[in-house]
Amino acid sequence: MPRDSLITSEDDIDVGLDLAGEDEVFSSNEGHERERHRGKRRDGDGEKKKRKKRRRKGAHRAEEGEDEVQTRHERREREKRRRAKNDQEAKGRERDEEERVQTTSGKVAKTKKNIRNENTRRRVEEEEVEVEERLEKRKKKHGSAKKEEKKEDEGKQMVKEKEREVKKKKHKKVVETSSEQETSEEEDDKEEDSKDEEMRPECLTPEELEKLKEAVDERKKLIQSLRGKPWPMKKKLVTLRESQEFVEKYEGALGKGKGRKLYAYKVMMTKKWMKFQRDFENFKTACIPWEMKIKEIESHFGSSVASYFIFLRWMYGINMILFGLTFGLVMVPEALMGRPYGSMPRKTVPRSEETSAMDFAVLWDFGGYAQYSVLFYGFYNNQRAIGWLKFRMPLSYFLVGVGTVAYSYMVVIRTMARNANESGVGDDNSFNFSWKMFTSWDYLIGNPETADNKFASITTSFKEAILEEQESHKDDNIHLTRFLRVLANFLVLCCLAGSGYLIYFVVRRSQKFALDGLENHTWWERNEVNMVMSLLGMFCPMLFDVISTLENYHPRVALQWQLGRIFALFLGNLYTFIIALMDEINLKREEEKIVKFNITTWEASLYNGTISENSTAPSITINPADVPRGPCWETMVGQEFVRLIISDTMTTYITLLIGDFLRAVLVRFLNYCWCWDLEAGFPSYSEFDVSGNVLGLIFNQGMIWMGAFYAPCLPALNVLRLHVSMYLQCWAVMCCNVPQERVFKASGSNNFYMAMLLVILFLSTLPAIYTIVTIPPSFDCGPFSGKNRMFDVIHETLESDFPAWFSKVFSYASNPGLVLPFILLMVLAIYYLQSTSKSYRQANVELKKKLQTQNEENKKKNKRAALKAQMDLEEARKAASQAAEEQKNNNASLQGQEADEEENYVSSHRLYHGKNGRNPPPMNGDRQLLASRAPGPRTYHHGNHGASGYLPGFSEPRMCRVPSLQRH
Amino acid sequence: MGNKQTTFTDEQLEAFQDCTFFTRKEILRLHSRYRELAPHLVPLDYTNNPDIRVPLALIVTMPELKENPFRDRIVETFSEDGQGNLSFNDFVDMFSALCETSPRELKTIYAFKIYDFNRDNFICKDDLQQTLTLLTKGELTEDEVLLVCDKALEEADLDGDSKLSFSDFQNMISKAPDFLSNFHIRI
């Protein structure tokens, strides 16, 4: 239905928004229309010799028009009715518009009659003519939908429009149009059309073919972009069907000879590919978990709380992939193809621990059997290739470790970049009020309580903004606030230092306990480190919260401070922990040296002993559990991290249950028998702490990244933890939290959290990489045992698994002579990019400035135009009054009238300037105020006294321009 | 599929997927939501495109819209007749434009239409006042409302005609950090 769509789009332009996009759509539609016609003409051209057939077809159609099948008839009826309705509507609109135009023109004429303002009138007339023309055209189109003759006319018009098409076609009956407006017939014609198509290509010239191709491509593009068009659905559907038909119809005609088959094949493949893509997309969205849960939370708590859960889900996805990597490439191959448990010392529980290896307390600490399993680094063998697949285990282990970090970096940075693109550059504060007005309502909210809170918070934010606007700075006692802030920061620093020291102290103590032997100590003493860390993580933020009330910051600033402090606390704790761990590693390595020495003596003694006992020496077997072994610091590190994660998880869950659930239950049920209102008063229900939870999640992830190399089970554990906390927190938030009273923005902080994640990622990979690169691996456990450094595995692989030339190339490539220039190049590239981005930013600022000045100019110009119009009116009135004076000599009454008018004018002017004076634009301050005020009184002055002649009209703009020049 | 009654033909679903940002499943869910609103009005079978409209009063009872101060405007904007009677096509269109994946440009266009209360293609002072009253439940005083409206106009009005044209609005909203995250409804 090309005509219909054309008409609706035109109507849109008249009635709907006057948008650039729509204009474009319109023009493109017109383009399509034209293309169509061309195509049709070509149709005719192609069928030159087949007029007979055409005629037959026409006859057939006529026949069909008379006696149709029942269903088809119905459909067509509906179609007709619809079209009739459309026509009616369109006509109604036309009528309206005509009336409107008439009234406006009448009005204009009335006002301008005296002024003799030829220009405007001419413009109006032109407009009228234009409108007339448009109406005419539209009518023509409407008519042509039914009558053949007019169609001929239009066809000729089309020809005129495109004169480059020189070919004359007498039988240019565009019969198709009518048929195309009715899909039923279209279907009928399809067979014949397809027959025609076969004949057509030979008759097309290459350039026509090119055009057709363009048209088809355009249609395809239209189909692609259809979902982004601001049209009503009906129109979209119609356009879609029509374009699809068009593409279907003419696609076959493209390509010639040999190319044609290929083209058809290509088209088919793209179609299949599109279908596959769509199915895949459907599948992908179906796979996204917890959509409904999150939606529910969103509607209850708004987008900021939901953003935490979306973040959690995103984290879950990342951990799933990390888990897949370690599980699929490290744990499963080792478990399936590596040597089984008990076959060698590193895979066996030592004799001394055997009795307690299955105790739950030991397993809970990841000792015993858990320690000697695939979960930890020490279990892996240094055999180069395992199983019938010849799987390179140590290499795989190393690469997975590197890949984990690399993947995490990639994902985080990519997400950050995308976020940065998506969130508008809301750096400047120039749209404070408008943004508040148009973007502050959260459309996701569907819960009355949250909505109430939102209303309240929006109202307060408006009031605050108004206050800020009215009296920007009103500090009551700046010295006191300053003092309090310094005090607060001092207290926070004390807290941080204290917590750091506490952790260091506890870790040192635990080492002493460990040396004594863990069995001699209580549960608390064994788990002291983790518990202390978790408790600090729990209570210090509360302390900070209390301290921050001293500071009296704006809530948003306060939130940032709070976040920064918690971040520092966590980071400090983590690093103290790592430093303590490093000490322990060094201790273990000392121990290892001793053990190593002992083992050689032990082996020697064993050897000697066996020789003395039995002469058939080498066949003696020792149970691997009895073999003395080194302390294996890698496993120790892994264990520490796993324990940390476990205790952290436990604390989180317990806090959730006690702090949120129990509190909610108590408040709810004790409220019946309490002396004050618990729900509204002191304990109340808890709010969901978005920032704290996000930070917790981020640090948890940091620990995973740090420890994953030494404990391949960590990502699995984390997946489990995230999964559970998703359900638990969803439940907790829905059941025992109340919506926040102050609803903060979620989007602004989105990239802030991401940046934090990136920092944590960097900080957590740093120690891991340090240990990998500098500390030699243990001699008797792990995939790298026996090597000097862990990364030697790469050299080994290069030398033994790749051809000689490859390792040679690699060694050349890795020598400093090449690496250094490369690094230099990278640095230069970074520098270049940074400087270009800086210059872009500068250009941006310049443009913004320009825009602002332009904006001011515009405003001024408009003001001036308004003034001028006023002046003109005044003059005209004067002239009229003078004429009247001359004619009637009726002085007294007229003067009185004029005085009245004058006064009106004056008062209106005063109002006008008063308004402007009261609200100066924020960017220019006083100067702008002056500039906008200055011309006011002067022009008014002129208008009042210099009434005779054209002087005011001429002098006025100059007067106006003076201040603006001064300003520049 | 057997005894399961078909709501849409495959072609219809494909067409909807081409025209909106929804997947197959979501369109079916939308239909069921639409049907929930007026079970006696809306048939299960939509294969022959019945021309059925659900009135505004029923649409705004949806939990997604119930609390929204601009619910009436939203529904009116997306209805074909401008009165708020939504056919299923309009219904799908509405949630497609408001869904998470729809681009900023599209959202901007519809946001402009929604905030343009008197439909004169400009957001004038009256529109602003109405917006503000709805947004704050009328808890600001007259003077405050006027002040805020003046301020907003002053900030965003680039051509100085003391009302916001679409380009003004677009310019203003394109820099808003919260627009995309707040102007969406999940179905």
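Residues numbered from 1 in each chain as written. Chains lettered and ligands numbered in written order. Predicted model: local features only at pLDDT ≥ 70, side-chain atom pairs only at ≥ 80, totals over all residues. Heavy atoms only, no water.

(A) Structural context of the overall build of chain A. In terms of helices and strands, chain A carries 33 helices and two strands. For chain A, the proportion of its 968 residues judged to be buried stands at 42%. (Helix = DSSP H or I, 4+ residues; strand = E, 2+ residues; numbered from the N terminus. Buried < 20%, exposed > 50% of the residue type's maximum accessible area, 1.4 Å probe, protein only.)

(B) Spotlight on helix H2 (residues 24-37) of chain B. Residue and element names in this part refer to chain B. Look at H2: 20 Å from first C-alpha to last across 14 residues, which is about the 20 Å you get at 1.5 Å a residue. Taken residue by residue, H2 has Ile27, Leu30, His31, Arg33, Tyr34 and Leu37 as its buried positions. For H2, the buried positions fall inside an angular range of 165° around the axis, keeping them on one side. Pointing more than 90 degrees away from the buried face of H2 are the exposed residues Lys25 and Glu36. (Expected span 1.5 Å × (residues − 1). Arc of directions from axis to C-beta.)

(C) Examining the UniProt feature "domain: EF-hand" (unreviewed entry) in chain B more closely. The positions UniProt marks with the feature "domain: EF-hand" (unreviewed entry) are residues 103-138 and 144-179 of chain B. For residues 144-179 of chain B, the end-to-end C-alpha separation is 24 Å, with 61% helix and 0% strand making up the annotated structure. (UniProt positions renumbered as here; feature names shortened; annotations may be inferred.)

(D) Molecular detail of unusual backbone geometry. Unlike most non-glycine residues, A:Phe366 shows phi in positive territory, near 60°. With respect to the helices and strands, A:Phe366 occurs in the loop between helix H14 (360-364) and helix H15 (368-371). One non-glycine residue, B:Arg119, lies in the positive phi region at around 55°. Among the structural elements, B:Arg119 can be located in the loop between helix H7 (104-115) and helix H8 (125-136).

(E) Structural detail: the packing of H7(B) against helix H10 (residues 166-173) of chain B. Residue and element names in this part refer to chain B. Their axes nearest at 10 Å, the elements H7 and H10 cross at an angle of 125°. The orientation of H7 with respect to H10, classified from their angle, is oblique. Helix-helix and strand crossings are classified by hand; for H7 and H10 the assignment is right-handed. Only Phe166, Phe169, Gln170 and Ile173 of H10 make contact with H7, whose side of the interface consists of Arg104, Thr108, Ile109, Ala111, Phe112 and Tyr115. (Axes fitted to C-alpha atoms, helices over the stretch in contact; angles between N-to-C directions. Parallel < 35°, antiparallel > 145°, perpendicular 65-115°, else oblique. Left-handed = near helix turned anticlockwise from the far one by under 90°. Contact = heavy atoms within 4.5 Å.)

(F) Examining the pattern of salt bridges more closely. A complete count under the given rule lists 25 salt bridges over all chains for this structure. Close ionic contact of B:Arg33 with B:Glu36 constitutes a salt bridge, the shortest N to O distance being 3.8 Å. With B:Arg33 and B:Glu36 both in helix H2 and three residues apart, this pair spans about one turn of that helix. Via salt bridges that share partners, A:Arg384, A:Arg392, A:Lys787, A:Glu796 and A:Asp801 belong to a single interconnected network. (Salt bridge = Lys/Arg side-chain N within 4 Å of Asp/Glu carboxyl O.)

(G) Spatial organisation of the nonpolar core. Formed by 102 residues in total, the largest nonpolar core has its most connected members in A:Phe309 and A:Val642. The biggest single contributor to this core is helix H22 (residues 555-613) of chain A, with 13 residues. Apart from the residues lying within four places of it in its own chain, the contact partners of A:Val642 are A:Phe366, A:Phe376, A:Ala711, A:Cys713, A:Leu714 and A:Leu717. Residues A:Leu226, A:Trp435, B:Cys149 and B:Ile187 belong to the second largest nonpolar core, which totals 83 residues. (Core = buried A, V, L, I, M, F, W, Y, C linked by side-chain atoms within 4.5 Å.)

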